[in-house]
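As a plain string of letters, each chain reads:
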Amino acid sequence: MTAPIAIIMGSQSDWDTMRHAADTLAALGVAADTRIVSAHRTPDRLFAFAKGAKAAGYKVIIAGAGGAAHLPGMAAALTELPVFGVPVESKTLKGLDSLYSIVQMPAGIPVGTLAIGKAGATNAALLAAAVLALSDPALSDRLAVWRKEQTEAVAERPEDKA
């Protein structure tokens with residue numbers, strides 16, 4: 001059986017960011033497939049993946065991309081599945097180029113756009129899990145526990161470091 005979530009990225013270098021999505025999903029007990037699907041260097045691979053994603057059993061796609069960041073938008077244009085785009089920080093413009101590319105999709109081709117970098121990858125995983133949790137009570141419970149633990153980990157008072 002195919003994992004319910006696909007994590008795709010444009011290149012191996014994007015894994016430094018996108019592994020946070022994979023790690024978050026693993027912590028929640030949600031299976032995810034990870035693969036490199038470049039919009040520019042492997043367009044045929046992208047088309048085949050995105051057009052076949054629903055039939056393959058995926059429920060949500062998390063797409064991370066840096067620079068021109070066309071991967072999330074192209075994936076969204078080729079599938080009716082929800083696509084969450086994660087801008088990967090670039091050396092040139094610190095990820096703003098990626099953010100602007102992903103967030104400016106035309107009406108009718110939605111991409112849920114997250115923050116640049118690790119926070120975006122983590123939150124994309126949490127959003128994907130929340131989508132699946134709508135029809136999975138056990139996952140809903142695990143997600144609630146994860147959020148409760150995160151809340152409880154916030155100290156009430158600052159530590160005195162002096």
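Quick notes on the rules
- Residues numbered from 1 in each chain as written.
- Predicted model: local features only at pLDDT ≥ 70, side-chain atom pairs only at ≥ 80, totals over all residues.
- Heavy atoms only, no water.
- Helix = DSSP H or I, 4+ residues; strand = E, 2+ residues; numbered from the N terminus.
- Rg over C-alpha atoms; globule rule 2.2 N^0.38 Å.
- Buried < 20%, exposed > 50% of the residue type's maximum accessible area, 1.4 Å probe, protein only.
- Contact = heavy atoms within 4.5 Å.
- Areas by Shrake-Rupley, 256 points an atom, 1.4 Å probe, with all protein chains shown as cover.
- Lys, Arg positive; Asp, Glu negative; His and termini not counted.
- Charge placed at Lys NZ, Arg CZ, Asp CG, Glu CD.
- Axes fitted to C-alpha atoms, helices over the stretch in contact; angles between N-to-C directions.
- Left-handed = near helix turned anticlockwise from the far one by under 90°.
- Nonpolar A, V, L, I, M, F, W, Y, C, P; charged D, E, K, R; others polar.
- Phe/Tyr/Trp six-rings, centres within 6.5 Å; stacked < 30°, edge-to-face > 60°.
- Patch = residues over 30% accessible without salt bridge, like charges linked within 9 Å, V, L, I, M, F, W, Y side chains within 5 Å.
- Salt bridge = Lys/Arg side-chain N within 4 Å of Asp/Glu carboxyl O.
- Core = buried A, V, L, I, M, F, W, Y, C linked by side-chain atoms within 4.5 Å.

Caption draft 1: The overall build of the protein chain, seen in detail. The helix and strand tally for the protein chain stands at six helices and five strands. Going from N to C terminus, the protein chain has its helices and strands arranged as β-α-β-α-β-α-β-α-β-α-α. Its C-alpha atoms give the protein chain a radius of gyration of 16 Å, near enough to 15 Å, the size a compact globule of 162 residues would have. Considering only C-alpha atoms, the protein chain reaches an extent of 55 × 40 × 30 Å along its principal axes. Residues counted as buried form 42% of the 162 residues belonging to the protein chain. In the protein chain, 67% of the contacts between residues at least 6 apart in sequence involve partners at least 24 apart. Summing over all exposed atoms, the protein chain offers an accessible surface of approximately 9,000 Å²; the carbon and sulfur share of this is 56%. The distance from the centre of the 15 positive side-chain charges to the centre of the 15 negative ones in the protein chain is 5 Å.

Caption draft 2: Molecular detail of the packing of helix H5 (residues 118-133) against helix H6 (residues 137-152). It is at 8 Å that the axes of H5 and H6 come closest, and there the two elements cross at 140°. The hand of the H5/H6 crossing is left-handed. Here Leu126, Ala129, Ala130, Leu132 and Ala133 of H5 lie close against H6, whose contacting residues are Pro137, Leu139, Ser140, Leu143 and Trp146. The residue makeup of the contact of H5 with H6, split by class, is nine nonpolar, one polar and no charged.

Caption draft 3: Spotlight on the packing of aromatic side chains. Scanning the model with the defined rule gives one aromatic pair in all. Considering the side-chain rings of Phe49 and Tyr58, the 5.6 Å spacing of their centres and the 55° angle between planes classify their relative orientation as tilted. Residues Phe49 and Tyr58 agree in their burial class; the two are buried.

Caption draft 4: Structural view of a nonpolar patch on the surface. On the surface, Leu93, Leu96, Tyr100 and Val103 cluster together into a nonpolar patch covering about 380 Å² of accessible area. Position of Tyr100 among the secondary structure elements: in helix H4 (residues 96-103).

Caption draft 5: Representation of the nonpolar core within the structure. The biggest cluster of nonpolar side chains holds 24 residues, and the ones touching the most others in it are Ile5, Ile7, Met18, Leu25, Leu28, Val30 and Ile62. Counting residues per element, the ones that place at least two in this core are strand S1 (5-9), helix H1 (15-27), strand S3 (60-65), strand S4 (83-87), H5 and H6. Broken down by element, the residue count for this core peaks at eight residues, all from H5. The next biggest cluster of nonpolar side chains, apart from the first, holds 21 residues, and it includes Ala6, Phe49, Ala63 and Leu81.

These figures come from the coordinates and say nothing about function on their own.
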